[in-house]
Amino acid sequence: MKINAAKRLSTVRRGAAGLAVAAVLATTAVGAAGAPVLAAGTPADSVPTFDFGDCPDLPAGVDPAQWRCEVLTATGSLTLGNRTVPDLAPMTITHAEGPLPDGGAGQVFGALRAAPTAVPGGLLGVPGTDHGRVLALFLRPEYGGRSDFYSTGDSLGLFTMRFGVHGPLLPKGCTIGADTPVELRLRRVGGSERISKNPPIIKFDAYDDTFGVPSAQGCGPLGRLLDDRLGLPAATGNSLSLTAYYTYRTYDQLPSS
């Protein structure tokens, strides 16, 4: 099977198995790989291409046919402090889940991949630059180290994130949430739409406005100015709104290496 090494078991639950972020929506078995058969009225260019290259290694002793590699790609808008990024670049989250040998439910995180997105307005009035000059500022979502994708009703579990901050004069490693990651508890908004049955693709919206955001760290001399411009730290007023597409394959259906 084509799976990556050095991925760690992120969540183990004992007893009755929970439901994955969108597994309650996807009960159809995965068919053969190929172009999805889209629901009527769904533009083909609106559905992302899914990549299973970040599927993590499985825990020892589990049945690959009972474990699924789940891939979710989402776009949306983000508000941190007093600055809003209305069009986030797509981010893709990959994880695996299934029954453990003792009957409990397990999850293994794979990866979060995302490109930087420009922050409107950039960083204004930077000392040492021309008067009124605006420096470009970008945010890149990063995995925060904790995840629990089991859902209850419209609650989609827990996912932690950091945000890498990139721009001229900012050092590598400038990060929002470096020591204290942002804790997201997304909730599904409205219904879900089955885009394709073969392979299974489900579309849904999710939202959270309950999380706090800490100050940026590792940003050098501009750290205080950056926090001031973004309005950080911010205990309230933050939000994340996503439109997500979700699919999965069982591990016995992943390509052989």
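Being a predicted model, the structure only gives us computed values, none of them experimental. (Residues numbered from 1 in each chain as written. Predicted model: local features only at pLDDT ≥ 70, side-chain atom pairs only at ≥ 80, totals over all residues. Heavy atoms only, no water.)

Here's the deal with the pattern of salt bridges
If the charged atoms of two oppositely charged side chains come close together, the side chains can form a pair.
Inference 1: By the definition in use, this model includes six salt bridges.
Inference 2: For Arg 146, the salt bridge is made with Glu 183, and the minimal N-O distance between the two is 2.9 Å. Here Arg 146 is found in strand S9 (residues 138-148), whereas its partner Glu 183 is found in strand S12 (residues 182-184), with 37 residues between them in sequence.
Inference 3: Taking relative accessible area as the criterion, Glu 183 reaches 32% and is therefore assigned partly exposed.
Inference 4: The closest approach of N and O atoms between Arg 188 and Asp 154, which form a salt bridge, is 3.4 Å. In this pair, Arg 188 is assigned in strand S13 (residues 187-197) and Asp 154 in the loop between S9 and strand S10 (158-166), connecting sequence segments 34 residues apart.
Inference 5: The structure contains a network of salt bridges with shared partners spanning Arg 146, Glu 183 and Arg 185. (Salt bridge = Lys/Arg side-chain N within 4 Å of Asp/Glu carboxyl O. Helix = DSSP H or I, 4+ residues; strand = E, 2+ residues; numbered from the N terminus. Buried < 20%, exposed > 50% of the residue type's maximum accessible area, 1.4 Å probe, protein only.)

Looking at the environment of Pro 171
Inference 1: As for its position among the elements, Pro 171 is in the loop between S10 and strand S11 (175-176).
Inference 2: Taking the C-alpha atoms as reference, Pro 171 lies 9.9 Å from Gly 223; in sequence the two are 52 residues apart.
Inference 3: Each residue touching Pro 171, except ones within four places of it in the same chain, is listed here: Gly 218, Cys 219 and Gly 220. (Contact = heavy atoms within 4.5 Å.)

Points about the nonpolar core
Inference 1: Counting residues in hydrophobic clusters, the biggest one holds 48 residues, and the most contacted among them are Leu 139, Ile 176 and Leu 226.
Inference 2: Examining the composition of this core, we find that five residues originate from one element, strand S16 (residues 239-250), more than from any other.
Inference 3: In this structure, Phe 52, Ile 195, Tyr 251 and Leu 254 belong to the second largest nonpolar core, which totals 17 residues. (Core = buried A, V, L, I, M, F, W, Y, C linked by side-chain atoms within 4.5 Å.)

Describing the pairing of strand S14 (residues 200-208)
Inference 1: As paired strands, S13 and S14 are joined by seven bridges and run antiparallel to one another. Note on S14: the bridge partner recorded for Lys 197 is Pro 200.
Inference 2: In terms of strand pairing, S14 meets S16 through seven bridges, oriented antiparallel. Across the sheet, residue Ala 206 finds its bridge partner in S16, namely Leu 242. (Pairing = 2+ DSSP bridges.)

Details of unusual backbone geometry
Inference 1: With omega at 0 degrees, the peptide bond leading from Asn 198 into Pro 199 counts as cis.
Inference 2: Tracing the sequence through the fold places Pro 199 in the loop between S13 and S14.
Inference 3: Of note, the amide linkage connecting Leu 232 to Pro 233 takes the cis form, showing an omega dihedral of 0 degrees.
Inference 4: Although it is not a glycine, Leu 169 sits at a positive phi angle of roughly 75 degrees.
Inference 5: Here Leu 169 lies in the loop between S10 and S11.

Digging into the state of the cysteines
Inference 1: Tallied over the full model, the rule gives two disulfides.
Inference 2: Cysteine pairing in the protein chain follows 1-2, 3-4, where each cysteine in a disulfide is numbered by its order in the sequence. (Disulfide = S-S within 2.5 Å.)

Examining the environment of Leu 240
Inference 1: Mapping Leu 240 onto the fold places it in strand S16.
Inference 2: Distance from Leu 240 to Leu 80, taken between C-alpha atoms, is 8.7 Å for residues 160 residues apart in sequence.
Inference 3: Sequence-distant contacts of Leu 240, that is, excluding residues within four places in its chain, are made with Ser 77, Leu 78, Leu 88, Leu 184, Leu 186, Ala 206, Tyr 207, Asp 208 and Phe 211.

Topic: the packing of aromatic side chains
Inference 1: Using the criterion set out here, one finds five aromatic pairs in the structure.
Inference 2: Relative to Phe 159, the ring of Phe 109 lies with its centre 6.0 Å away and its plane at 35 degrees, an arrangement referred to as tilted. Taken as a pair, Phe 109 in strand S5 (residues 105-114) and Phe 159 in strand S10 lie far apart in primary sequence, 50 residues in all. Per residue, the accessibility class of Phe 109 equals that of Phe 159, and both read buried.
Inference 3: Relative to Phe 159, the ring of Phe 149 lies with its centre 5.6 Å away and its plane at 35 degrees, an arrangement referred to as tilted. Of this pair, Phe 149 sits in the loop between S9 and S10 while Phe 159 sits in strand S10, placing them 10 residues apart in sequence. Exposure class is identical for Phe 149 and Phe 159. Each is buried.
Inference 4: An aromatic cluster is defined as three or more aromatic residues linked by ring pairs; in this entry it consists of Phe 109, Tyr 143, Phe 149 and Phe 159. (Phe/Tyr/Trp six-rings, centres within 6.5 Å; stacked < 30°, edge-to-face > 60°.)

What to know about the confidence of the model for the protein chain
Inference 1: For the protein chain, mean pLDDT is 84; residues scoring 70 or higher make up 79% of the total.
Inference 2: Counted against residues more than four places away or in other chains, residues 1-33, with its pLDDT under 50, gives 102 contacts. (pLDDT = per-residue confidence, 0-100.)

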